[in-house]
Amino acid sequence: MPIILHIDTATEFASVCLSDDDKILAFEANQEQKNHASFLQPAIQKMMLASKIHLKDIDAISVTNGPGSYTGLRVGLASAKGLCFALNKPLITLSTLEIMATASIEGNNQSEFLYCPMIDAKRMEIFTALFTNELILVKDTQPMIIDENCFADYLKKQTIIFSGSGAEKAKSIIKSSNAIFSDVHHSAKNMIALSIHKFQKNNFSDIAYTSPNYGKEFYTIPPKK
């Protein structure tokens, strides 16, 4: 069974996880977006010590590859690529929105609903996508300006569970009775099943040529006041 190191620094909440198949061996998290870069390497070292596993013994490294924070994506991918190159391990890249949808599906467990993760992209813009309970993509990843008509055609027929930082500002605008706003948060733990699936299919990313998927030019999370 694969031992995989998971890295997520795409949004305001960063985390790393070490898993052996579907078992979590260690986990570390950081809620200060401006400190993601300084958090990452010490957190990985701490997990390795706690689990008594050497980096050379892992089988792959997975990383969130966007959309998300410009700086956060660069920090995570650069670290993942550097480790993969140094250790000669395969790189697995995952969609931030797919990971967020996975967390929402696991947290809400409503098979008949659709799931809509949203990442705040400043002002009234978000990054979003729409998934079924089986993580089948219904509406492609895209930047979107929030208004009262967002997802109106879907909401006429079906309940949608909205989650993520972008859902907070959508809550005051999308007023359908079929709209549910979840406070479920994702973490690197939600990368495990997705990473195993890609590992088993040898679906790896090219270390030299992989770059972040910013979704558009980029966005940065404003500092907390």
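It should be emphasised that the depicted structure is a prediction, and the values quoted were computed from it without experimental measurement. (Residues numbered from 1 in each chain as written. Predicted model: local features only at pLDDT ≥ 70, side-chain atom pairs only at ≥ 80, totals over all residues. Heavy atoms only, no water.)

**Remarks on the packing of aromatic side chains**
Given two aromatic rings, their pairing is described by the distance between the two centres and the angle made by the two planes.
Reasoning step 1: Under the counting rule described, the total for this entry stands at four aromatic pairs.
Reasoning step 2: For the ring pair Tyr 70 and Tyr 214, a centre distance of 4.9 Å and an interplane angle of 40° mean the geometry is tilted. In this pair, Tyr 70 is assigned in helix H2 (residues 70–87) and Tyr 214 in the segment after helix H6 (192–200), connecting sequence segments 144 residues apart.
Reasoning step 3: Residue classification places Tyr 70 among the partly exposed positions, given a relative accessible area of 24%. (Phe/Tyr/Trp six-rings, centres within 6.5 Å; stacked < 30°, edge-to-face > 60°. Helix = DSSP H or I, 4+ residues; strand = E, 2+ residues; numbered from the N terminus. Buried < 20%, exposed > 50% of the residue type's maximum accessible area, 1.4 Å probe, protein only.)

**Thoughts on the sheet that holds strand S4 (residues 60–64)**
Reasoning step 1: With mixed pairing, five strands are arranged side by side in an open sheet as S3-S2-S1-S4-S5. Single-partner strands in this sheet number two, and they are strand S3 (23–30) and strand S5 (91–94). Going from strand to strand, the sheet's axes swing by 15° on average, the running direction of each strand aside.
Reasoning step 2: Judged from the four bridges that link them, strand S1 (residues 3–8) and S4 form a sheet pairing that is parallel. Following the sheet pairing, Ile 4 is matched in S4 by Ala 60.
Reasoning step 3: Most of the contacts of H6 go to S5, to which it runs at about 130°, and overall it touches S1, strand S2 (14–20), S3, S4 and S5. (Pairing = 2+ DSSP bridges. Axes fitted to C-alpha atoms, helices over the stretch in contact; angles between N-to-C directions. Contact = heavy atoms within 4.5 Å.)

**Some thoughts on the side chain of Ser 187**
Reasoning step 1: Positionally, Ser 187 belongs in the loop between strand S10 (179–181) and H6.
Reasoning step 2: You can call Ser 187 buried: its relative accessible area is 9%.
Reasoning step 3: Among all residues touching Ser 187, those that are not within four sequence positions of it are Asp 8, Phe 13, Ser 15, Phe 27 and Ile 99.

**Let's talk about helix H3 (residues 96–108)**
Reasoning step 1: Between its terminal C-alpha atoms H3 stretches 18 Å, which fits the 18 Å expected from 13 residues at 1.5 Å a residue.
Reasoning step 2: For H3, every residue scored as buried is listed here: Thr 96, Leu 97, Ile 99, Met 100, Ala 101, Thr 102, Ala 103, Ser 104 and Ile 105.
Reasoning step 3: Here H3 starts with a cap whose side-chain oxygen sits 3.2 Å from the backbone nitrogen of Leu 97, and that cap is Ser 95.
Reasoning step 4: Directly beyond the C-terminal end of H3, a positive phi value near 55° is found at Asn 109. (Expected span 1.5 Å × (residues − 1). Polar contact = N/O pair within 3.5 Å; in protein donor to acceptor, adjacent residues only side chain to side chain.)

**Some thoughts on the pairing of S5**
Reasoning step 1: Of the two faces of S5, both are covered, the one formed by Leu 91 and Thr 93 as well as the one formed by Ile 92 and Leu 94.
Reasoning step 2: As paired strands, S4 and S5 are joined by four bridges and run parallel to one another. Note on S5: the bridge partner recorded for Thr 64 is Leu 94.
Reasoning step 3: Viewed along the sheet, the connection from S4 through H2 into S5 turns out right-handed. (Right-handed = clockwise from strand over helix to strand, strands pointing away.)

**Things to note about the nonpolar core**
Reasoning step 1: Leu 94, Leu 97, Phe 131 and Leu 135 are the most contacted members of the largest nonpolar core, which has 24 residues in total.
Reasoning step 2: At the level of secondary structure, the elements contributing two or more residues to this core comprise S5, H3, strand S6 (114–120), strand S7 (125–131) and H6.
Reasoning step 3: In terms of residues, this core owes the most to one element, H3, which gives five residues.
Reasoning step 4: If we ignore the near neighbours within four places in the chain, the residues touching Leu 135 are Glu 98, Ala 101, Thr 102, Ile 105 and Leu 194. (Core = buried A, V, L, I, M, F, W, Y, C linked by side-chain atoms within 4.5 Å.)

**Some details on the pairing of S3**
Reasoning step 1: Bridge analysis of S2 against S3 gives seven bridges, and the strand direction is antiparallel. Counted as the bridge partner of Ser 19 is Ile 24 from S3.
Reasoning step 2: The loop that links S2 with its antiparallel partner S3 comprises two residues; one of these, Asp 21, has a positive phi angle of about 55°.

**Side note on the packing of helix H1 (residues 36–51) against H2**
Reasoning step 1: Across the interface, H1 lies against H2 with an axial gap of 10 Å and an inter-helix angle of 35°. Note on packing geometry: the crossing formed by H1 with H2 is right-handed. Contacts from His 36, Ala 37, Leu 40, Gln 41 and Ile 44 in H1 reach Val 75, Gly 76, Ser 79 and Leu 83 in H2.
Reasoning step 2: Counted by class, the contact of H1 with H2 contains five nonpolar, four polar and no charged residues. (Left-handed = near helix turned anticlockwise from the far one by under 90°. Nonpolar A, V, L, I, M, F, W, Y, C, P; charged D, E, K, R; others polar.)

**So, the sheet that holds S7**
Reasoning step 1: With respect to topology, five strands assemble into an open sheet ordered S8-S7-S6-S9-S10, the strand pairing being mixed. Single-partner strands in this sheet number two, and they are strand S8 (137–145) and S10. Neighbouring strand axes in the sheet, compared pairwise and without regard to direction, differ in orientation by 20° on average.
Reasoning step 2: As judged from the six bridges shared by S7 and S8, these two strands associate in the antiparallel manner. Bridge pairing in S8 places Glu 125 opposite Ile 145.

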